[in-house]
Each structure stands twice: as structure tokens, then as C-alpha cells.
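These are the residues of each chain, in order.
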Amino acid sequence: MKTLWKTYARVSLILKITVALILGVIAGLIFGPDAAALAPLGDLLLRLLTFLIVPLIFFTLIVGINQSKIGDLGRMGGKVFLFYTFSSAFAIMVGLTVASIFQPGSGMQLDGSETFDVPDNPGFTSVLLNIVPSNIIAAFSEMNLLGIIFTAFAFGIAISYMRSSSEFGELGNHLMKTINALNEATLLVLKAILQYVPIGIFAIMAETVGSQGVDTLVSLGGMVAVLYIAIAVQIAIYTAAMLLFKVNPLHFFKHARTPMLTAFVTQSSSGTLPLTLNAARGLGIPKSLYGFSLPLGATINMDGAAIRIAVSAIFAANIIGDPLSLSEMFMVVLIGTLATVGTAGIPGAGIVMIATVFVQLGLPMEAVALLTAIDALVGMGATMLNVTGDLAGSKLIDQSEKRRSAAKA
């Protein structure tokens, strides 16, 4: 057993994940709904990854803040917000363009039996207020990522001040050493959890394929295919941007592929966050940047969800035989961009975003009910793109900072 474990540990993680994904698909097709028996193994993976989110964000961000100047953090923060806003808007335009070419839903009709209750949308103001937690303990226990980021910023800046103070300098340095040690301990735990990732991915993939089957995919295959084409176009745009900023795309995807595949299977940007942070380290992105850009991106930057909104809107309009006009497409871009932030961090956010846009455009809620049938298949690709966009944005911003430093030198 010891030799077998050593052999398993030596195999590259991406190879193990790829094999697990393929075997999961096969198991799902063979066993069908009975593959649900593997669900606990998948649930364990999600629990292990979620278990690390709070310490990873909190310690990484405090360490990053204390490795940078406050002015640099403010400038990088502005770039992150601008990138996430424009990236989401651009992703919606990509989705609308691809869907307008392929016209998913043409020839289909609603049978009138579909029903769907629109979930509550917390709204943009509520999300902004949620950044400042009323209770620190509640923010950590409820996995309020925006609240955790704010708390880490507050304490990180306070510790930075202590270290530079003549009165509290020694205390600040001792506190920083402790946080550095806790950060390294968290990374060691992550290293151990990585060995379980392939097993969890196998179980989740088998359960997903077993429950969805091929019938659903065939019946709504056009919609799924168009969405994945749009996702491929968006990834190609990321690649072009990397080439423009002299980032090696092969090096980027070598490190990004593990969180991309994990996000694809788990359908959770937040759950994949430990692996995304690990990939950022491999890409050489400084902690001071990825410590807040990636947790923030997992909450509000949803390029995959944005594309999903666009393709779904074209799909629903085609079903009722009333294609979207140019002005309505503009409304999709505007409302969809706000919706990706306004529904951040809530369960079933993708469906809530779609429902929000449909209500504003007068599209039928019955179409949302129809789309829930392929929610898992669509959510996989959308979540993968969400994570890819977070990492790509962080790397491009890092490259722009390096260019700025080189120009000043």
C-alpha cells in the first residue's frame, strides 16, 4: 500500500484529474441514477475545499498587504474593479454575438406546463452593504467572502501600521511572524487536500452525468453547444490579451488548468478558490494582488454567468418567436452586467441572474424553468470560465504593474 501511495502521489495532479473526469463520465453513463451512491465522496471534496477558504483568504491577504505599499494596493484595486466590470460586459456581448449567429431555440416551442418561481434578488445596494459585516464571526461562519476580504484588509493595514510604528513595532512584527506561520500551515493542509481532488472529481462527475443522462443534453443540445462555443471564444480573447501583454498563454494554462477542471466539475467558483490561489502562486502573481483579486472575482466577476445570460436571452426570445432587437440586446448588456454583481454570492446565482434579466425584458419565466433542466451542464462551463477570467485578469493586471515599474525605472 505504501508503494502504491507513493506511485499515486508522484503522478501529476492534472493527469490524475483528467483520468478521474473521464472515468467519472464513463461511470455515470454505465450506472445512470445509481451513480448517486458516490455523492458522499464528491461532497467530501467540496467540504475540504470550503474548509480552507477562510484561512486562505484571510492569511494570504494580510501577508500580501504587508508586502506592499498602501498606494500600490489602491491602484491595483482600481484596475481589478475596472477589469471585472468591463470583462463581464464584454462577455455578454460575446454571448449575444455567438447566439445571434447560431440562433439557439429556433423552431422550439414552450408547452405551457413549465413553471418557475423567481428567487429573490438581493440587489446591488444589499451586496455593497454586505462588504462591511455587522459581525466578524458571522462573516466567517457564513462564508461572506466580501466581508472576509474587508476584515482582512482592515487588520492587514492595522498590522502594517503597527510594524512601522515606534510604539508597536515589536508587537506588529511578532504578530506578522505568527500570521506568516499560519499561512504556511494552511498551504501544507492544501497540499494534502490536493491528493484527494481526483477522487472527489470522479464522484461528482459520475453523479452529474448519471442524473442528467444524455436525453436532456440531446433535447436542449443546441443551447448547450452555442454556450460552449461562446465560452471558447471568450477564452480565445483572454489568450489574445495575454499575447498583447507578453504573457505566455501555455505557461498560464499549465497552471490554470487544475482550477479550471475542478471548477468545471464542482460548479463552484468559491469552492475552487483554494486551487485558484495555488495556481496564482505558480504563475508568479504577488500575494498583494491575488490575495484580494481572486476572492473578489469568485464573488462578483462572472464572465461565464454573463455569457450564460446572453445566450439564454436569445434562446428564450427565439422560443416565443420574437427575436431581440438591437436596443433589447443593449439592455441585456446593461442589466446583465449589473446582475452579475447584484446576485453575487447567493445559491443558484446563475438562474437568479437569468430570471432578473428575463423580468426586465419581458421574456417568459417558463423558459427559465426549461433552462433549469440543463442547469448542471451549462453551469459547468460557466463556472470554469468564471475561474479562468479571475486568473487571467489577475495575471494581466500583474503584467501591467510590472510594465509600470519598468517604465519608472
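Treat the numbers as computed from the prediction; the structure is a model and nothing was measured.

(A) Structural detail: the overall build of the protein. Regarding its fold elements, the protein presents 18 helices and 0 strands. Considering the protein as a whole, with its 409 residues, one finds that 53% of them fall into the buried category. Of the accessible surface of the protein, which amounts to about 18300 Å², a share of 67% is contributed by carbon and sulfur atoms.

(B) Fine view of the packing of aromatic side chains. One pass over the structure, following the stated rule, counts 5 aromatic pairs. Every member of this aromatic cluster is reached through a ring pair, and the members are F58, F59 and F140.

(C) Molecular detail of helix α13 (residues 287-300). For α13, which comprises 14 residues, the first-to-last C-alpha distance of 19 Å matches the rise-based estimate of 20 Å (1.5 Å per residue) to within 8%. In terms of burial, α13 is a largely internal element, 14 of the 14 residues being buried.

(D) Spotlight on the nonpolar core. Ranked by internal contacts, the top residues of the largest apolar core, which has 116 residues, are L96, I201, L273, V332, F358 and L391. Here the element with the most residues in this core is helix α3 (residues 39-65); it accounts for 13 residues. With near-sequence residues (within four places) excluded, I201 lies in contact with I17, A20, L21, L45, T262 and V265.

(E) Quick peek at the packing of helix α7 (residues 145-164) against α13. At a minimum axis distance of 9 Å, the contact between α7 and α13 shows a crossing angle of 160 degrees. What the angle tells us is that α7 and α13 run roughly antiparallel. Along this stretch, α7 crosses α13, giving a crossing that reads as left-handed. Note on element contacts: α13 touches α7 through F292, P295, L296, A298 and T299, opposite L145, L146, I149 and F153. Residues that form the contact of α7 with α13 fall into these classes: 8 nonpolar, 1 polar and no charged.

(F) Structural detail: the pattern of salt bridges. Enumeration according to the criterion identifies 4 salt bridges in this entry. In this structure, D398 engages K395 in a salt bridge whose closest nitrogen and oxygen atoms are separated by 3.8 Å. Of the two residues, D398 and K395 both sit in helix α18 (residues 375-408), 3 residues apart, roughly one turn of that helix. Overall, the relative accessible area of 4% leaves D398 in the buried class. Notably, a salt bridge pairs D398 with K402, separated by 3.4 Å at the nearest N-O pair.

(G) Structural view of unusual backbone geometry. One non-glycine residue, K246, lies in the positive phi region at around 60 degrees. With respect to the helices and strands, K246 occurs in the loop between α10 (221-244) and α11 (249-266). A positive phi angle is found at Q267, which is not glycine, with a value near 60 degrees. Here Q267 lies in the loop between α11 and α12 (273-282). The class of Q267 is partly exposed, set by a relative accessible area of 30%.

(H) A nonpolar patch on the surface, seen in detail. On the surface, a cluster of nonpolar side chains totalling about 720 Å² of accessible area is made up of V11, L15, V19, I22, L23, I26, I30 and F31. Here I22 lies in helix α2 (residues 13-31). In this structure I22 comes out as partly exposed when scored by relative accessible area, which is 46%.

(I) Spotlight on the side chain of N386. With respect to the element layout, N386 can be found in helix α18. Once residues lying within four places of it in the same chain are set aside, the contact partners of N386 are S269, N301, M302, D303, G304 and A305.

(J) Fine view of the environment of L385. On the secondary structure map, L385 appears in helix α18. Accessibility expressed as a relative area gives 0% for L385, which makes it buried. Spatially, the C-alpha atom of L385 lies 7.5 Å from that of M260, the residues being 125 residues apart in sequence. Apart from the residues lying within four places of it in its own chain, the contact partners of L385 are I231, Q234, I235, Y238, D303, G304 and I307.

(K) Just the packing of α3 against α7, in detail. Close contact between α3 and α7 brings their axes to 8 Å; oriented N to C, the two are set at 35 degrees. Considering the relative orientation of α3 and α7, their crossing is right-handed. Contact with α3, carried on its side by I53, V54, I57, F58, L61, I62 and I65, involves L145, I148, I149, T151, A152, F153, F155, G156, I157 and I159 of α7 and no other residues of that element. Tallied by class, residues from the contact of α3 with α7 come to 15 nonpolar, 2 polar and no charged.

Parameters at a glance
Residues numbered from 1 in each chain as written. Predicted model: local features only at pLDDT ≥ 70, side-chain atom pairs only at ≥ 80, totals over all residues. Heavy atoms only, no water. Helix = DSSP H or I, 4+ residues; strand = E, 2+ residues; numbered from the N terminus. Buried < 20%, exposed > 50% of the residue type's maximum accessible area, 1.4 Å probe, protein only. Areas by Shrake-Rupley, 256 points an atom, 1.4 Å probe, with all protein chains shown as cover. Phe/Tyr/Trp six-rings, centres within 6.5 Å; stacked < 30°, edge-to-face > 60°. Expected span 1.5 Å × (residues − 1). Core = buried A, V, L, I, M, F, W, Y, C linked by side-chain atoms within 4.5 Å. Contact = heavy atoms within 4.5 Å. Axes fitted to C-alpha atoms, helices over the stretch in contact; angles between N-to-C directions. Parallel < 35°, antiparallel > 145°, perpendicular 65-115°, else oblique. Left-handed = near helix turned anticlockwise from the far one by under 90°. Nonpolar A, V, L, I, M, F, W, Y, C, P; charged D, E, K, R; others polar. Salt bridge = Lys/Arg side-chain N within 4 Å of Asp/Glu carboxyl O. Patch = residues over 30% accessible without salt bridge, like charges linked within 9 Å, V, L, I, M, F, W, Y side chains within 5 Å.

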